[in-house]
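Fold and contact review
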Amino acid sequence: MQSPMLARLKQFKRRISTAHGADISTPAARRKARLHYYLGDVGFLRVIWTNLFQIAPGVWRSNQPSPARLKKAKAMGIRTVLNLRGADVFSFYLFEKEACETLGLTLIDHKLQPRALVPRAQLLGLLEVFDRVERPVLMHCKSGADRAGLASALWLLHREGAEIDAARAMMSFRFLHRRGTSTGILDHMLDAYAADCETDPMPIRRWIAERYDPEALTASFRTARAARGRPAAKDGR
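Residues numbered from 1 in each chain as written. Predicted model: local features only at pLDDT ≥ 70, side-chain atom pairs only at ≥ 80, totals over all residues. Heavy atoms only, no water.

1. Digging into the nonpolar core
Applicable threshold: For this analysis, a nonpolar core means a set of buried residues of the types Ala, Val, Leu, Ile, Met, Phe, Trp, Tyr and Cys, connected via side-chain atoms within 4.5 Å. Three labels apply to residues, based on accessible area from a 1.4 Å probe with only protein chains included: buried if under 20% of the type maximum, exposed if over 50%, partly exposed otherwise in between. We count a stretch as a helix when DSSP gives it H or I for four or more residues in a row; a strand needs E for two or more, and each element gets its number in order from the N terminus. Contacts are assigned to residue pairs that have any heavy atoms within 4.5 Å of one another.
Counting residues in each nonpolar core, the largest one holds 47 residues, and the members touching the most others are Leu82, Leu84, Phe130, Leu154, Trp155, Met189 and Trp207. For this core, the elements supplying multiple residues, two or more each, are β1 (53-56), α5 (120-132), β5 (137-140), α6 (147-159), α7 (164-168), α8 (184-199), α9 (204-210) and α10 (214-227). Sequence-distant contacts of phenylalanine 130, that is, excluding residues within four places in its chain, are made with Leu82, Met139, Ala151, Leu154, Trp155, His158 and Arg159. Residues Val81, Ala99, Cys100 and Leu105 belong to the second largest nonpolar core, which totals five residues.

2. Overview of the packing of α5 against α6
Stated precisely, the cut-off is as follows: A fitted line through C-alpha atoms represents every axis, and for helices the fit uses only the stretch in contact; the resulting angles, taken between N-to-C directions, go from 0 to 180 degrees. We call a crossing left-handed when the near helix sits turned anticlockwise from the far one by less than a right angle, and right-handed when that turn is clockwise. Here the term charged refers only to Asp, Glu, Lys and Arg, the term nonpolar to Ala, Val, Leu, Ile, Met, Phe, Trp, Tyr, Cys and Pro, and the term polar to all other amino acids, Gly among them.
Here α5 crosses α6 at 65 degrees, and the two axes come no closer than 10 Å. The element α5 and its partner α6 pack so that their crossing is right-handed. Here Leu123, Leu126, Leu127, Phe130 and Asp131 of α5 lie close against α6, whose contacting residues are Ala151, Leu154, Trp155, His158 and Arg159. By residue class, the composition of the contact of α5 with α6 is seven nonpolar, one polar and two charged.

3. Here's the deal with the packing of aromatic side chains
Stated formally: Ring pairs shown here join Phe, Tyr and Trp side chains whose ring centres sit within 6.5 Å, with only the six-membered ring taken for Trp; geometry is labelled stacked below 30 degrees between planes, edge-to-face above 60, and tilted in between.
Applying the stated criterion across every chain, the model contains five aromatic pairs. Plain terms: the ring middles of tyrosine 193 and tryptophan 207 are 5.5 Å apart, the flat faces sit at 65 degrees to each other, and that makes the pair edge-to-face. Taken together, the positions of tyrosine 193 in helix α8 and tryptophan 207 in helix α9 put the pair 14 residues apart, joining distant regions of the chain. Using a relative accessible area of 1% as the deciding quantity, one classes tryptophan 207 as buried. Plain terms: the ring middles of tryptophan 207 and tyrosine 212 are 5.9 Å apart, the flat faces sit at 55 degrees to each other, and that makes the pair tilted. No difference in accessibility class separates tryptophan 207 from tyrosine 212, as the two residues are buried.

4. Observations concerning the layout of surface pockets
Empty pockets left among the atoms are what a rolling probe the size of a water molecule brings to light. How we decide: Computed over the protein atoms alone on a 1 Å grid, cavities are sets of points where a 1.4 Å probe fits but cannot get out and pockets are open sets with protein on both sides within 12 Å along at least five of seven lines; a residue lines them when it has an atom within 4 Å of a point. Grid points are joined across faces, edges and corners, and a volume is the space filled by probe spheres set on the points.
Considered as a void within the structure, the second largest pocket measures approximately 280 Å³ in volume. Contributions of two or more residues to the lining of the second largest pocket are made by α2 (27-40) and α3 (67-76). The element best represented in the lining of the second largest pocket is α3, accounting for five residues. Split into classes, the residues belonging to the lining of the second largest pocket amount to 10 nonpolar, five polar and three charged.

5. Description of the pattern of salt bridges
Worth spelling out the cut-off: Definition used for salt bridges: Asp or Glu carboxyl oxygen within 4 Å of a side-chain nitrogen of Lys or Arg.
All told, the structure shown has 15 salt bridges when counted by the stated rule. Where arginine 135 meets glutamate 160, a salt bridge forms, and the shortest distance between an N and an O atom there is 3.6 Å. Remark: glutamate 160 occurs in the loop between α6 and α7 and arginine 135 occurs in the loop between α5 and β5; sequence separation between them is 25 residues. The class of arginine 135 is partly exposed, set by a relative accessible area of 30%. Between arginine 168 and aspartate 165 there is a salt bridge whose closest N-O contact spans 3.6 Å. Here the residue arginine 168 and the residue aspartate 165 both occupy positions in helix α7, the gap between them amounting to three residues, near one helical turn. Given the relative accessible area of 31%, arginine 168 is considered partly exposed. The structure contains a network of salt bridges with shared partners spanning Asp165, Arg168, Arg179, Asp187 and Asp191.

Following this line, the structure appears as structure tokens:
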């Protein structure tokens, strides 16, 4: 049973997450938006912890960068920021977009889900982004654990010709990804690709175009979790 204190904390976080973060047009609104960023979007955890890692030459992954961290990324030589959370109306995106415009960084928004599989066209679209993006590039989600992990795995498979085991290493507890939770649906997808390649090796683009079935994979993942007494996966920002 959930304790009353924990329930109140969750209620407070929900209120903060949906309040005061959708406007940075005035000094007062910016102050409230910063509160939203650091509390509602738990940006205080990302002040020191960045989950920054170079996965390939000129390709980096991290958690949500603040404007100050984007300035440091610019100094590192980063030219493009690939936002895997997608465009949004809240502080984390508004500050990021503003900072990228100020710094002259190209911002690309391409939304993935941490606890759900996106449609085929969305994954193929991500591979197309990989093909045209200007390096050095920094890709990020909220924590840098799940969506950034999947995107990193797909980059290695698609752009670097990596083996599946090297791609899977991008989705590990080293980056705080936990396969045993609902985010394991992303691992389930890579497992399906690996299983198909055992009998019919193929590039990841072809597999996504011809065999990737998010509905069937979601159903099989939920069945497997139910057999282990785990709840079904849910979407998340």
